[in-house]
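Take a look at the letters that make up each chain.
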Amino acid sequence: MEQKVAVFRKEHFNAAHRLFCADWSDEKNMQVFGPCANPNYHGHNYELIVQVNGVPDPITGFVINTKELSTIVKEEIVSRFDHKNLNLDTDVFKNLNPTAENIAIVIYNLIRPRIDKALDLKIRLYETERNFVDYPA
Ligand code: NI
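Parameters and conventions
- Residues numbered from 1 in each chain as written.
- Predicted model: local features only at pLDDT ≥ 70, side-chain atom pairs only at ≥ 80, totals over all residues.
- Heavy atoms only, no water.
- Donors = N, O, S within 2.8 Å, 3.2 Å for Na, K, Ca; no water.
- Tetrahedral: all angles 85-135°; square planar, octahedral: opposite > 155°, others 65-115°.
- Helix = DSSP H or I, 4+ residues; strand = E, 2+ residues; numbered from the N terminus.
- Buried < 20%, exposed > 50% of the residue type's maximum accessible area, 1.4 Å probe, protein only.
- Pairing = 2+ DSSP bridges.
- Contact = heavy atoms within 4.5 Å.
- Axes fitted to C-alpha atoms, helices over the stretch in contact; angles between N-to-C directions.
- Salt bridge = Lys/Arg side-chain N within 4 Å of Asp/Glu carboxyl O.
- Expected span 1.5 Å × (residues − 1).
- Parallel < 35°, antiparallel > 145°, perpendicular 65-115°, else oblique.
- Left-handed = near helix turned anticlockwise from the far one by under 90°.
- Nonpolar A, V, L, I, M, F, W, Y, C, P; charged D, E, K, R; others polar.

Participant: How should the coordination of the nickel ion be read in this particular structure?
Facilitator: Six octahedrally arranged donors around a metal ideally form angles of 90 or 180 degrees; four tetrahedrally arranged donors ideally form angles of 109.5 degrees. The protein atoms that coordinate the nickel ion are H17 (NE2), C36 (SG), H42 (NE2) and H44 (NE2), at distances spanning 2.0 to 2.1 Å. Relative to the metal, the four donor atoms surrounding the nickel ion lie at angles of 95 to 127°, and the coordination shape comes out tetrahedral. Of note, the donors binding the nickel ion are all from one chain and are spaced H-x18-C-x5-H-x1-H. With H17 in strand β1 (residues 5-17) and C36 in the loop between α1 (26-33) and β2 (42-54), this pair connects stretches of sequence that are 19 residues apart. Exposure remark for C36: the relative accessible area of 13% places this residue in the buried category.

In structure tokens, the structure reads:
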């Protein structure tokens, strides 16, 4: 069997953020970013879906061991971002707006080095039930 299979692992973290451009007035930031520009921050319940595509191993039948995948996501992402203020508590978002788009790219770059090169990685991140992003697109 050489067909690729997609394996998904869901994880979850809560984090606070603020979206803003320092050069803009509070009014303009509110206009562009809406409630996400609130100067005193606010939280989101982020739902993270990590997708790994590959051919199942002929012996184990696994594309990837989901227990190992869960450990990687917890070590690299959940422990780093859960219950944090992304703007204030993390280096990566000190000068990068923590939009769902940017968070998904950061998550991909943190996980990618720990996944076998033969496997494809995709990140889906829900900021709300209705707003979510995929990376790579
Ligand atoms: Ni927000």
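Participant: What is the right way to look at the sheet that holds strand β5 (residues 132-135) in this model?
Facilitator: Pairing between the strands of a sheet is mediated by backbone hydrogen bonds and can be parallel or antiparallel. Taken in spatial order, the five strands line up as β3-β1-β2-β4-β5 in an open sheet, and their pairing is mixed. Edge positions in the sheet fall to β3 (84-85) and β5, since each of these pairs with one other strand and no more. Here 13 bridges tie β1 to β2, and the two strands are oriented antiparallel to one another. Bridge pairing in β2 links V7 to V52. Of the strands in this sheet, β1, β2 and β3 touch helix α2 (residues 66-81), which is tilted by about 20° from β1. Across the sheet, helix α4 (residues 100-111) is in contact with β1, β2, β4 (120-126) and β5; its angle to β4 comes to roughly 145°.

Participant: Any chance you could explain the environment of R80 here in plain terms?
Facilitator: Note that R80 resides in helix α2. Classification of R80 as partly exposed rests on a relative accessible area of 36%. Each C-alpha atom of the pair R80 and N97 lies 17 Å from the other, and the pair is 17 residues apart in sequence.

Participant: Before we go on, may I ask you to explain the pattern of salt bridges in this structure?
Facilitator: Note that side chains of opposite charge can pair when their charged atoms are close. Overall, the coordinates contain eight salt bridges when judged by the stated rule. Put simply, E75, E76, R80 and R114 are held in one network by salt bridges that share partners.

Participant: Mind showing me how you'd approach α4 here?
Facilitator: Given 3.6 residues to a turn, an α-helix orients residues that are three or four positions apart in the same direction. Helix length check: α4 (12 residues) gives 16 Å between terminal C-alpha atoms against 16 Å at 1.5 Å per residue, within 8%. Along α4, the positions that sit buried rather than exposed are A100, I103, A104, V106, I107, Y108, L110 and I111. Turning to α4, the residues buried within the fold contact β1, β2, α2, α3 (86-89), β4 and β5.

Participant: Help me out: how do you make sense of the packing of α2 against α4 in this one?
Facilitator: Their axes nearest at 9 Å, the elements α2 and α4 cross at an angle of 140°. On the basis of the axis angle, α2 is oblique to α4. The hand of the α2/α4 crossing is right-handed. Counted together, I72, V73, E76, I77, R80 and F81 of α2 and V106, I107, L110 and I111 of α4 form the full contact between these two elements. A per-class count over the contact of α2 with α4 returns eight nonpolar, no polar and two charged.

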